Amino acid sequence: MPSRLGVSAMLIAAGLGSLVGCNDGPTPGESRTAKSIDRQLDPVAETDAAFKHIDDQPSLDFRASWIKDELKRAAREEAVITRYAKFSDDVQADAMTPPSNPQFGPATRLVQAPLAKPASSPPLSSDDPSASPSLSDTGPIEVVPTPQPRPEMKGELIPTPQGLPESFDGAKETPPMARIAADVADSKAEAPSKDLTAPALIDPTTEAGMVAGDGPEDYNTWPAPDVLLFFTGNQHGYIEPCGCTGLENQKGGVARRYTFMEQLRKKGWDLIPVDAGNQIRRIVPQAAIKFERSTTALKEMKYQAVGYGPSDLRIGAGDLIAMAYSDEQMFVSGNVTIFEPELLPTYKVIRRGEWKIGVTSILDPDALEAATGSDITVSPMKEAAQAALKSMNGDGAEFRVLTFFGEEEAAKKLMTDVQGFDLIVVSGGYGEPLYRPQPIEGSKTKLIVTGNKGMYAGLVGLYQNQPMKYARVALTHEFEDAPEMRKLMADYQKQLEQLGFSGLGITPMPHRSGNTFVGSEACKDCHENAYDIWEGSMHALATEHLVEPPAERGDVPRHFDPECLSCHVTGWNPQGYYPYKSGYMDLTSTAHLGGNGCENCHGPGSAHVAAESNKANTPEIESLRKKLRLQVQLPIEKAREHCMECHDLDNSPDFHDEGAFEDIYWPEIEHND
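Heads up: these notes are all about the structure in this document. (Residues numbered from 1 in each chain as written. Predicted model: local features only at pLDDT ≥ 70, side-chain atom pairs only at ≥ 80, totals over all residues. Heavy atoms only, no water.)

**What about unusual backbone geometry?**
Item 1. Notably, lysine 302 is not glycine yet its phi reads approximately 65°, a positive angle.
Item 2. By secondary structure assignment, the location of lysine 302 is in the loop between helix 6 (285-300) and strand 6 (305-306).
Item 3. Positive phi, close to 65°, is recorded for phenylalanine 339, a residue that is not glycine.
Item 4. Its place among the elements puts phenylalanine 339 in the loop between strand 7 (336-338) and strand 8 (348-352). (Helix = DSSP H or I, 4+ residues; strand = E, 2+ residues; numbered from the N terminus.)

Okay, here's the thing in structure tokens:
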């Protein structure tokens, strides 16, 4: 075996080290009450601090070059605060040669800082299942802020195009083809004779194999299909809808998806679940934990084939293999290689009754968010798709599916270059799936899309002697949360609590103003009316709603989840999911920063409060007060854009309706003092 594979297997099987962090708790000055701050803050010092740039990034200490390279690249993309990482030297000599059926362990293991392995502890044994680390403790060490969300289509506002060619008239008189994979190069070729020993199969990619209609297909009216292909994709980190604006207003979530799949199985339908990839969206330890939880959920839902998205690849080769490798190997890709080509399949042929379904996945290299490390290779699409198609045909595939992560136009071009796939499932775009599969000019392949954030499931029913049927199904609140997935979410939140901010690689960063947060109480003396309005608003209860969520989600508190805290406390970056120095840290030491307070809109108020508290009336102090008052003002014309940092399309879709800010949201908190 080549030495590269041996070393790779050695690194994986050994379980590389533990990610640890420093305890960066608030200083005593940061936990003072608002009233004590009024008396003690020095206006001159606070003003100087407002223009001072602080650079206190900790140094890095790594002993694994490929991880170090990943972090350096992330640091070049965006300035970040990165936690320390340490890797274990417990490499067993016999790991140099991988076993014939390797059982890979996680490449990195997260622990809550400052815990460390006791010196007296024996090394983990691969022969002792109880000693093996749980995947729930795994995660990578790369830390970068989340990119700003891109605008996306508002759901269900206008009828979705049907995706049918203009010439299609819904005719059902076209004779069905005798086999699925007709030779697209010879469109005039006659169908071969029917095999009398088995029912003929209508080609579902022809117009005769499509189902006409003016709206979305109702799967409840279908006869039981021979095989039901169940497609999802681009979960994008949304393992569940948060419920900020009411669960009835949000789609998606693995708990609803599980319920839907079980309902279909109870109908006696034979499901083949397939996911097009991209389970996560951020590149931090929390994202790696979420990837592991998502992988666990996919396995429990019995997914047969799962592709990779660009965000998935950024958590690191070791963790991808550790989470993907199993006896049945759920992950499959035609052009993504992790370590060595032999470790993961490039295609699968799934047998169901008379059907043999070939499945592969392709990731468009243009969709990559960053360069991959040397242990992950993304090959050219055309050659990879051709090779996978040839192999699955050689294994007798009768219906060929390609899941594709990238833009629709790139997917269509690939299908004109590589003829022979029956269906391409495209993920990576925004908006809703269409009502109908789309034709591709110059190809017999039909195209469907998954939509974004796992909000929809696509159903493709295959029948002998009947046309293929397709339906898109929105995963709304009408599907109850499955208890199995609710438990998974509870375990996920518990893991975040155990790790703490340091274990998640989160370090408070200085606010760009240089000022610090003092809490809404400090505003009350001078802005009593505004404070009363805030105190009576939902903003004041934002943290409380994480500690005790609404009834439908009350079983899982979320006040240890950075992705929730960022908009539910005072002193966090709402889109970066990290706290500012002097921002909220916990319910006890920073109780004065609970709720979405005044300073989230007007900026940290330490200098302003100190200047107003100073009793002197010198020209210098008066000038300073005037300057600082201007700094904390938020004109109404800028308020809407600022509010959208939390009221984004994910959490508040109604906020973006025309006139909603002026007519609904602003009147609830309007104040002018």
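**Observations concerning the sheet that holds strand 11 (residues 399-405)**
Item 1. The strand order 8-9-11-12-14-13 describes an open sheet built from 6 strands, whose pairing is mixed. With partners counted over all chains shown, the strands left at the sheet margins are strand 8 and strand 13 (438-440), one partner each. In this sheet, adjacent strand axes meet at a mean angle of 30° when their direction is disregarded.
Item 2. As paired strands, strand 8 and strand 9 (residues 355-363) are joined by 5 bridges and run antiparallel to one another. (Pairing = 2+ DSSP bridges. Axes fitted to C-alpha atoms, helices over the stretch in contact; angles between N-to-C directions.)

**A word on a negative patch on the surface**
Item 1. A grouping of Glu521, Asp525, Glu528, Asp532 and Glu535 is seen on the molecular surface, where their side chains present a negatively charged patch.
Item 2. Tracing the backbone through its elements, the reader meets glutamate 535 in helix 12 (residues 528-535). (Patch = residues over 30% accessible without salt bridge, like charges linked within 9 Å, V, L, I, M, F, W, Y side chains within 5 Å. Areas by Shrake-Rupley, 256 points an atom, 1.4 Å probe, with all protein chains shown as cover. Salt bridge = Lys/Arg side-chain N within 4 Å of Asp/Glu carboxyl O. Lys, Arg positive; Asp, Glu negative; His and termini not counted. Charge placed at Lys NZ, Arg CZ, Asp CG, Glu CD.)

**Quick notes on the packing of helix 6 against helix 11 (residues 483-503)**
Item 1. Running from N to C, helix 6 and helix 11 point in directions that differ by 165°, and their axes come no closer than 11 Å. Looking at the two axes, helix 6 sits roughly antiparallel to helix 11. Seen along the crossing, helix 6 lies across helix 11 with a hand that is right-handed. Note on element contacts: helix 11 touches helix 6 through Glu484, Met485, Leu488, Asp491, Tyr492, Gln495, Leu496, Leu499 and Gly503, opposite Pro285, Gln286, Ile289, Lys290, Arg293, Thr296, Ala297 and Glu300. (Parallel < 35°, antiparallel > 145°, perpendicular 65-115°, else oblique. Left-handed = near helix turned anticlockwise from the far one by under 90°. Contact = heavy atoms within 4.5 Å.)

As far as function goes, none of this settles anything; it's purely spatial.
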